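# Analysis of the macromolecular model
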Amino acid sequence: MFLSFALLFAAAACVLNIYILASFIRCRGKYPPFISSFGQVKRDVLKIAGEILAKKAEGARAADLGCGSGVLLAELAKDFPKTEFWGFEWDPVAYACARRKTGNYRNIKLCYGDFMKADVSDFDLILCYVGTGLEQELGNKLNREIKPGAVVVSEVFELAELKPVCRYESSLCGVPAVVYVYQKNV
Ligand SMILES: C[S@@+](CC[C@H](N)C(=O)[O-])C[C@H]1O[C@@H](n2cnc3c(N)ncnc32)[C@H](O)[C@@H]1O
């Protein structure tokens, strides 16, 4: 019994490592892997995004760049049925999870592909949770493309170029983490 459990665990760990390595090679280490938002920092992002959307007019548009499992989109779409949500995801496994999670919401649209190539000029709210390799490049893109008044909420990672509006102290498994809020730097 113990041996079969150990073998099963080792096989799962092996598959996970191969998957992470394949993702890393695919993007040459540039893009962050699929790690779902969780814990206090996830709750804080949802709260901040909810407060921002509550102030926007009906028919607002929001995007999650690298939507992973679609967990943030699903929670927000439930509370804001009149907002149109877009999720961008390039990892096939994460994308499949997001499709499953968000399939019941008519106000969520998913795009399978690279968010660096997406047109982000018509969103009122943009969420992202990217790694350290993209702060400059994504910050440049967002500052160039978002419309005045649009708000960017970045989970854990600071972005360059944009104008910082607020920072919220949060935590991830007891470790301090920050949620950054930005607008266009004009
Ligand atoms: C840290 S995870 C965030 C997950 C998501 N917030 C959730 O709770 O499931 C970052 C996600 O961004 C995706 N990603 C990274 N770079 C991307 C890119 N250039 N285009 C599309 N998706 C990307 C990754 O595949 C990963 O799923």
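Position labels on residues start from 1 in each chain and follow its written sequence. With pLDDT at 70 or above as the cut-off, local features in this predicted model cover only qualifying residues; side-chain atom pairs require 80 or more to be listed or tallied, and sums for whole chains, interfaces and linings still use all residues.

### Structural notes on the overall build of the chain
For the chain, the count of helices and strands is 5 helices and 7 strands. Put simply, DSSP H or I for four residues or longer makes a helix, DSSP E for two residues or longer makes a strand, and each gets a number counted from the N terminus. Secondary structure of the chain in N-to-C order comes out as α-α-β-α-β-α-β-β-α-β-β-β. Taking 16 Å as the expected radius of gyration for a compact globule of 186 residues, we find that the chain reaches 17 Å, a close match to that expectation. Each of the three principal axes of the chain carries a C-alpha extent, and together these read 60 × 35 × 35 Å. Once C-beta atoms have been placed from the backbone, residue pairs whose C-beta atoms lie within 7 Å are recorded as contacts. Contacts in the chain between residues at least 24 apart in sequence constitute 59% of all its contacts with a sequence separation of at least 6. For the radius of gyration, the atom set is restricted to C-alpha positions; the globular benchmark scales as 2.2 Å times the number of residues to the power 0.38.

### Considerations on the site of the ligand
Close to the ligand lie 21 residues; Y31, S37, G66, G68 and D91 are nearest. For the shell around the ligand, the elements supplying multiple residues, two or more each, are α3 (71–79) and β2 (84–89). In this count, Pro and Cys sit with the nonpolar residues alongside Ala, Val, Leu, Ile, Met, Phe, Trp and Tyr, while Asp, Glu, Lys and Arg are called charged and the others, Gly among them, polar. Class assignment for the residues of the shell around the ligand results in 13 nonpolar, 5 polar and 3 charged. To decide nearness, the C-beta atom of each residue is placed from the backbone, and the residue is near a molecule or strand if that atom lies within 6 Å of it.

### Some words on helix α2 (residues 39–55)
Taking 1.5 Å as the rise per residue, α2 with 17 residues should run 24 Å; its terminal C-alpha atoms sit 25 Å apart, in good agreement. Partly exposed residues are those falling between the two cut-offs: more than 12 but fewer than 20 other C-beta atoms within 10 Å of their own, whereas 20 or more means buried and 12 or fewer means exposed, with C-beta atoms placed from the backbone. Turning to α2, its buried residues are V41, D44, V45, I48 and A49. Down the axis, α2 shows its buried residues gathered within 125° of arc, on one side only. For α2, the exposed residues lying more than 90 degrees away from the buried face are E51 and A54. The inward-facing, buried residues of α2 contact α3, β4 (125–128), β5 (151–155), β6 (163–172) and β7 (175–183). A helix is expected to span 1.5 Å multiplied by its residue count minus one. Think of it as the arc spanned by the lines of direction from the helix axis to the C-beta atoms.

### So, the sheet that holds strand β3 (residues 108–112)
Strands are labelled as partners when DSSP assigns at least two bridges between them. Here 7 strands make up an open sheet; going across it, the order is β3-β2-β1-β4-β5-β7-β6 and the pairing mixed. For this open sheet the edge positions go to β3 and β6, each flanked by a neighbour on one side alone. For this sheet the average axis-to-axis angle between neighbouring strands, irrespective of direction, equals 15°. Relative to β5, β4 runs parallel, the two sharing 4 bridges. When the bridges of β5 are listed, I126 appears paired with V152. The angle between two axes is taken between their N-to-C directions and runs from 0 to 180 degrees, where each axis is a line fitted to C-alpha atoms and a helix contributes only its stretch in contact.

### Topic: the environment of Y19
Relative to the assigned elements, Y19 resides in helix α1 (residues 2–26). Taking the C-beta count within 10 Å as the criterion, Y19 has 14 such neighbours and is therefore assigned partly exposed. When the C-alpha positions of Y19 and G133 are compared, they lie 20 Å apart, and in sequence the two are 114 residues distant.

### Some words on the environment of C97
Positionally, C97 belongs in helix α4 (residues 92–102). Classification of C97 as partly exposed rests on a count of 19 C-beta atoms within 10 Å. Note: C-alpha distance between C97 and F85 (12 residues apart in sequence) is 16 Å. Once residues lying within four places of it in the same chain are set aside, the contact partners of C97 are S69 and G70.

### Comments concerning the domain arrangement of the chain
Segmenting the chain into domains produces domain 1 (1–30) and domain 2 (32–183). Either an automatic procedure or a domain database provided the assignment from which the domain bounds are taken. Look at where the C-alpha atoms of domain 1 and domain 2 centre, and you get two points 27 Å apart. Of the residues lining the interface, 5 residues belong to domain 1; the matching set on domain 2 comes to 5 residues.

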